[in-house]
Amino acid sequence: MQELIGQVADIVEEYRSKREQIGLNYNVFTLMDIERREEETHEYMIYSILNYRNSDRRKEFIEQFLISMGIPKSFLREQWTVEREYYTEKHGRLDLFFKPSGHSKKCVVVELKVDAEDQPRQLKRYEDYVRACRYQDYRIIYLTLDGRDPEEQSYEGMVHPEWLMRKSFGEDVLNWLE
């Protein structure tokens, strides 16, 4: 067991060293001292692109975002409106909420996490909200810097935990932006 712990420690140190060597810990957000401001930086950047003023490009950007997040193809047929910091009286604020323009029963919720911890039952409350609104097919995207899992207490008791998708800025958002 000691040997295994030593090997893991070596791998972690090598990973940290490599990140520092190639500059992954330093970026334009670091320069502007906003890299940890989730709402004003990460969320706002995605929202701004998704609500681009040219409607043809906006549709394309939304579709490409949903594809990069692994949303099922059936969702791509919808016309979407994207809301930021969408307020729900009892269930909290949804960072990004993709609402269908028509009478579709599909929706997408995106919860961004940079440094903050999950609020009590946060993802379960979001699911409760979309179910109360009678959305029958939905996805909840848990978007973090590295694709980490949410805290168990946040999603415990969800009716459809299989519709909770773990995604990362480092891979999924980067693929979208490219």
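It should be emphasised that the depicted structure is a prediction, and the values quoted were computed from it without experimental measurement. (Residues numbered from 1 in each chain as written. Predicted model: local features only at pLDDT ≥ 70, side-chain atom pairs only at ≥ 80, totals over all residues. Heavy atoms only, no water.)

A. Expanded view of the packing of aromatic side chains. Throughout the structure, instances matching the rule amount to 10 aromatic pairs. Geometrically, the ring pair formed by Phe65 and Trp176 is edge-to-face, given 5.0 Å between the ring centres and 80° between the ring planes. Placement of Phe65 in helix H4 (residues 55-68) and of Trp176 in helix H7 (residues 169-177) is noted, with a sequence separation of 111 residues between them. Trp176 shares its class with Phe65; the two are buried. One aromatic cluster is present, formed by Phe65, Phe75, Trp80, Phe98 and Trp176 through successive ring pairs. Taking NZ or CZ as reference, Lys106 lies 5.3 Å from the ring centre of Phe75, over its face. (Phe/Tyr/Trp six-rings, centres within 6.5 Å; stacked < 30°, edge-to-face > 60°. Helix = DSSP H or I, 4+ residues; strand = E, 2+ residues; numbered from the N terminus. Buried < 20%, exposed > 50% of the residue type's maximum accessible area, 1.4 Å probe, protein only. Lys NZ or Arg CZ within 6 Å of the ring centre and 35° of its normal.)

B. Structural context of the sheet that holds strand E4 (residues 137-144). Strands sit in the order E1-E2-E3-E4-E5 across an open sheet of 5 strands; the sheet is mixed. Strands with a single pairing partner mark the edges of an open sheet, and in this sheet they are strand E1 (80-88) and strand E5 (164-168). Pairs of neighbouring strands in the sheet enclose a mean axial angle of 25°, with direction left out of account. As defined by bridge partners, strand E3 (residues 106-113) adjoins E4 across 8 bridges and the pair is classed as parallel. Within E4, the residue paired with Cys107 across the bridge is Tyr138. The strands that H7 touches are E3, E4 and E5; relative to E5, the one it contacts most, it runs at about 85°. (Pairing = 2+ DSSP bridges. Axes fitted to C-alpha atoms, helices over the stretch in contact; angles between N-to-C directions. Contact = heavy atoms within 4.5 Å.)

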